Amino acid sequence: MAEAIAEVVRRLTATAAPALWQEAPAGRIARAGEIKRAYSTVYRLRIEDAGGRATRFIYAKIYKLAPKHRDNPAKPQAKLRTEFEAAQRLHASLNGSHHYSVVRPLACYPDLLAIVTEEAHGEPIASLIETTCKRWHQRDKRAAVLTACRLAGEALAAIQRATGEAQPYQPAELLEYVDIRLQRLVAGEAPFNETQRRLVRRCLESLIARVPTAQLGQCGCHGDYAPFNVLAGPAGVTVMDFAMFKPGSLYNDVTYFHHRLQGYLHKPIFAAPAIEAAQQAFLAGYNRGAGREQQPVEHDVLFRLFWIKHVINNYSAIMRKKVMTLGDRLSPAVYLFNRHVFRRYNQWLMQMCQP
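We now turn to the structure provided with this report. Just so you know, these numbers come straight off a predicted model, no measurement behind them. The numbering scheme is per chain: residues are counted from 1 as the chain's sequence reads. In keeping with the predicted nature of the model, local features appear solely for residues at pLDDT of at least 70, side-chain atom pairs appear and are counted solely at 80 or more, and the whole-chain, interface and lining totals rest on all residues. As a convention, hydrogens and water are excluded, and side-chain values are obtained from all of the structure's heavy atoms.

Concerning the nonpolar core
Here the nonpolar core consists of buried residues drawn from Ala, Val, Leu, Ile, Met, Phe, Trp, Tyr and Cys, with membership extended through side-chain atoms lying within 4.5 Å. For each residue, the accessible area found with a 1.4 Å probe, counting protein chains only, is set against the maximum for its type, and the residue is called buried under 20%, exposed over 50%, and partly exposed in between. Among the nonpolar cores identified, the biggest contains 78 residues, and I125, I129, Y225, F257, F282 and L305 are the most heavily contacted of them. Throughout, a residue-residue contact means that at least one pair of heavy atoms, one from each residue, lies within 4.5 Å. Excluding residues that lie within four positions of it along the chain, I125 makes contacts with A148, C149, A152, P227, V230, A232 and F257. Membership of the second largest hydrophobic core comes to 18 residues, among which are L12, L45, A60 and I62.

And the structure:
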């Protein structure tokens, strides 16, 4: 990573393209901090003028090369180009809005698995939720969360308009994806059995058979459209991180954001009315942006299908990861919390799969 970021800085310093440096080329680029993540390291870079004064900050994200790609990095490199091109296209498309935008991509270096973006102002909606939506927080401080969630919904509708796909979505694809995860739940340590798997599968088969043609639209999907990837600032919201961007159903991102908000209720410290209000604000913003105020998206069959998909996907992921705490043994607190989450996921699934 040290060699990669040094080369990124060298290339940026040597670049005089107006698209990268709108005012003037950087006099010096210095590292101002870094954040290590599971699959990448993000460096904050300080841009200085010839006199050594900071003019702005940018971010360089460098991905770690997975062992399976070390002999052939073409796939992660292609994915990085897709991320950069998607951000470019959407930044240009949403640039005229006064309330929402996409973080501006500056440079892409596939050989270094590096992407550089401009710094966006604001804080993640997830941070706002953490500081305003707990039980002891005052209700009058939640207005900013509701505004941000509404704008996140409007921004998602704008992204979908800009990335429409002609090919219709095939709901049958969802059934195979979900059933693999249902089987993992049955075979794993989760309190989920074969009878429940069959009930959920029958529900999905019934819903898929009822999906009308009007709901089969596709667009570019962010893939991780969640409160931690949308910044809320004085000028509106900014969407970040298009690493998982690819074509998919119109319902994937809207249900994912809605479900991630629901996940805060796993922790009893969060106030259910506050989280529910945030969900409603997000859906209201999306419906307004998509012209669906008279036919809200949450009433559609595919909304229900994709919501179930996200529940099962997260349920399966937590079940697989829960043995990773303290070696092969869990602490009592983590064990009890996981069991609580599992019971809640079972409850949601049984409720959503009722006729």
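Once the structure has been displayed, the description carries forward.
So, the sheet that holds strand β4 (residues 100–102)
One bridge is not enough; two strands pair if DSSP finds at least two bridges between them. Numbered from the N terminus, helices here are DSSP runs of H or I no shorter than four residues, and strands are runs of E no shorter than two. Taken together, the four strands give an open sheet; going across it, the order is β4-β10-β9-β7, and neighbouring strands pair in mixed fashion. This sheet does not close on itself; its edge strands, each paired only once, are β4 and β7 (123–124). As defined by bridge partners, strand β9 (residues 230–233) adjoins strand β10 (residues 236–239) across four bridges and the pair is classed as antiparallel. Counterpart to L231 in the pairing with β10 is T238.

Some details on helix α5 (residues 172–187)
Across its 16 residues, α5 extends 23 Å between first and last C-alpha, which sits within 8% of the 22 Å expected from 1.5 Å per residue. Along α5, the residues that are buried comprise L174, L175, V178, D179, R181, L182 and L185. For a helix, the expected span equals 1.5 Å multiplied by the number of residues minus one.

Things to note about the pairing of strand β3 (residues 54–63)
Sheet topology places strand β2 (residues 40–48) next to β3; nine bridges connect them, and they run antiparallel. Counterpart to E48 in the pairing with β3 is A54. Pairing of β3 with strand β6 (residues 114–118) involves five bridges; the strand directions are antiparallel. Within the sheet, the bridge partner assigned to I58 lies in β6 and is E118.

Everything listed here is a matter of geometry and, on its own, says nothing about what the molecule does.
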